[in-house]
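What the coordinates show
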Amino acid sequence: MRKILIAAGAMLALAPASAQDAQPRASLDLAEAGKLRPLIRPSENEARWDQILWTTSLWDGRMRAAAEGKPMLIWEANGNPLGIT
Amino acid sequence: MVKLVKEHFVGVATTLHGRPEDEEGKFFNALKCSWGTGRYHCVTAGGKPLCAPEGDSFMCNVPAAWERWKALPESERKPGAVQVPHLKSYDAAFPKRPEGSIILKSYNRILERGKQGEWRRKTGSVHRLNLNQDPKDPRYIQDPEPGRTWVWLDEAKWRSLVPAQAKVGDIVAVPETVANRILRLTMMDTIYCFSWPWNPAAMKSKDLKLQVTDVSAAAVSMRLEGSVVFEEPKRTFDAAIVGELVYDVKEKAFKKFDVTAVGDWTWPNREGKPGQIIGVSVELWPHRFASAPYDRFFPGYSMQHYGYDESKE
């Protein structure tokens, strides 16, 4: 198995197992994490369904729908579709 | 469709793992919709399905449902025309998020290195394995978006990370239960679909160090550093981790809980065994989805259906 080595301020590369085994694991630093975070998290044009203010209680949704005069859209999955776990 | 739903519908997101034994459960069961993972249905507050005749198909035609709604008499759709009372009692046995808990929201995404060594998102047609990690049944996603998971930390767990008399340089011991919960439930690949939490035995090594970096009358800042290695027969993840936690002294609450990880993800059974780089970003999530008086099913309940036993943390 290859392991990723991350060194602060240096160009990083995936190393083959033999090379990796000879080197101590370097840590991920906050500066590098600052670059990674916006790449990992959704962009504005992604996850558009997340723009909907979902409620997780059917009954609360029902009360809101009745009060506002709207139909409900109920979305269901193996685990809550908003975040699975 | 998002615009249509945002403007004209009330969105309800739920899970198919059981129904509460109360009026809400009765209402759900009476809808007689064909439920399944990823399905959605449109209904009125009074319980009338709006997806027929395609109601039993995999996906409801939402624009058609909207047209059916508009064709209903005012007595069924005028604001306040249908009276839905507050529930007098809830199913006490039904899972709910612990009071005082915090929500951590986690994203996971496939990354790669550019020619200059810079990080970038993996785009194009990207290979995944199906849920069973079966190499004979590969899936491909075009320009995959991040997967996501949710974790809650009950009050005792998140408070265990707050040092009593913090001084710069202090090392804060991260309880095993807290470390295991965060790592097993966020260091995951849910890009194709949901996945299973890491089995406890899959955690081959773990090294987390939480150190106080700044103390003031207003806040205590801490840096989390470390790594984790998960290995199961069908998947492995070897990640470096760094995080920044800020505790608001006056509010007595975390105001920042950022954890970032990046590492090699492999599928040992996959032919050729090429892996991918997976990045994980965890953040503190405001209680936006609150459904008073409690959060039903959300977040964290369904993980128990996939092998995560809270009682054995």
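Keep in mind that this is a model prediction, so the values were computed, not measured.

1. Describing the confidence of the model for chain A
All names here are of chain A. Summing up the model confidence of chain A, the mean pLDDT is 72 and the portion of residues at 70 or higher is 64%. Taking the mean pLDDT of every element in chain A, the minimum, 37, falls on strand 2 (residues 14-15) and the maximum, 96, on helix 2 (residues 30-40). Confidence drops under pLDDT 50 across residues 1-25; counting only partners more than four residues distant or on other chains, this segment forms 52 contacts.

2. Quick notes on the sheet that holds strand 2 (residues 40-43) of chain B
Strand order in the open sheet formed by three strands is 1(B)-3(A)-2(B), with mixed pairing between adjacent strands. Of all the strands in the sheet, the pair left with one neighbour each is strand 1 (10-15) and strand 2 of chain B. For this sheet, the mean angle separating the axes of adjacent strands, direction not counted, is 25 degrees. As paired elements, strand 3 (residues 72-77) of chain A and strand 1 of chain B share six bridges and run parallel to each other. Paired with Ile74 of chain A across the bridge in strand 1 of chain B is Val12 of chain B. Along the sheet face, helix 3 (residues 58-68) of chain A touches strand 3 of chain A together with strand 1 of chain B and points at about 170 degrees away from the line of strand 1 of chain B.

3. Looking at the interface of chain B and chain A
On the chain A side, the residues contacting the 105 residues of chain B number 65 residues. Interface area, chain B with chain A, both sides summed: about 7700 Å², of which 59% is carbon and sulfur. Of all residues in chain B, Val10, Val12 and Ala13 of chain B bury the most surface against chain A, accounting for 10% of the area lost on that side. Counting the contacts that link chain B with chain A gives five salt bridges. Linking Arg37 of chain A and Asp258 of chain B is a salt bridge whose minimum nitrogen-to-oxygen distance equals 4.0 Å. Where chain B meets chain A, there are 29 residue pairs in polar contact (both at pLDDT 80 or more). It is strand 11 (residues 235-248) of chain B that contributes the most residues to the side of chain B that touches chain A, eight residues altogether. Residues belonging to the side of chain B that touches chain A are distributed by class as follows: 50 nonpolar, 29 polar and 26 charged. Here strand 3 of chain A pairs with strand 2 of chain B via four bridges, running antiparallel.

4. Regarding the packing of aromatic side chains
Under the counting rule described, the total for this entry stands at 11 aromatic pairs over all chains. When the ring of Trp59 of chain A is compared with that of Phe27 of chain B, the centres are 6.4 Å apart and the planes differ by 80 degrees; the resulting orientation is edge-to-face. Within this pair, whereas Trp59 of chain A is found in helix 3, its partner Phe27 of chain B is found in helix 2 (residues 23-30), the two belonging to separate chains. Taking the relative accessible area as the measure of exposure, Phe27 of chain B reaches 9% and is therefore buried. An aromatic cluster is defined as three or more aromatic residues linked by ring pairs; in this entry it consists of Trp158, Tyr247, Phe254 and Phe257 of chain B. The cationic tip of Arg62 of chain A hangs over the ring face of Trp59 of chain A; the distance from NZ or CZ to the ring centre is 4.8 Å.

Cut-off values and rules
Residues numbered from 1 in each chain as written. Chains lettered and ligands numbered in written order. Predicted model: local features only at pLDDT ≥ 70, side-chain atom pairs only at ≥ 80, totals over all residues. Heavy atoms only, no water. pLDDT = per-residue confidence, 0-100. Helix = DSSP H or I, 4+ residues; strand = E, 2+ residues; numbered from the N terminus. Contact = heavy atoms within 4.5 Å. Pairing = 2+ DSSP bridges. Axes fitted to C-alpha atoms, helices over the stretch in contact; angles between N-to-C directions. Buried area = accessible area lost by both parts, 1.4 Å probe. Salt bridge = Lys/Arg side-chain N within 4 Å of Asp/Glu carboxyl O. Polar contact = N/O pair within 3.5 Å; in protein donor to acceptor, adjacent residues only side chain to side chain. Nonpolar A, V, L, I, M, F, W, Y, C, P; charged D, E, K, R; others polar. Phe/Tyr/Trp six-rings, centres within 6.5 Å; stacked < 30°, edge-to-face > 60°. Buried < 20%, exposed > 50% of the residue type's maximum accessible area, 1.4 Å probe, protein only. Lys NZ or Arg CZ within 6 Å of the ring centre and 35° of its normal.

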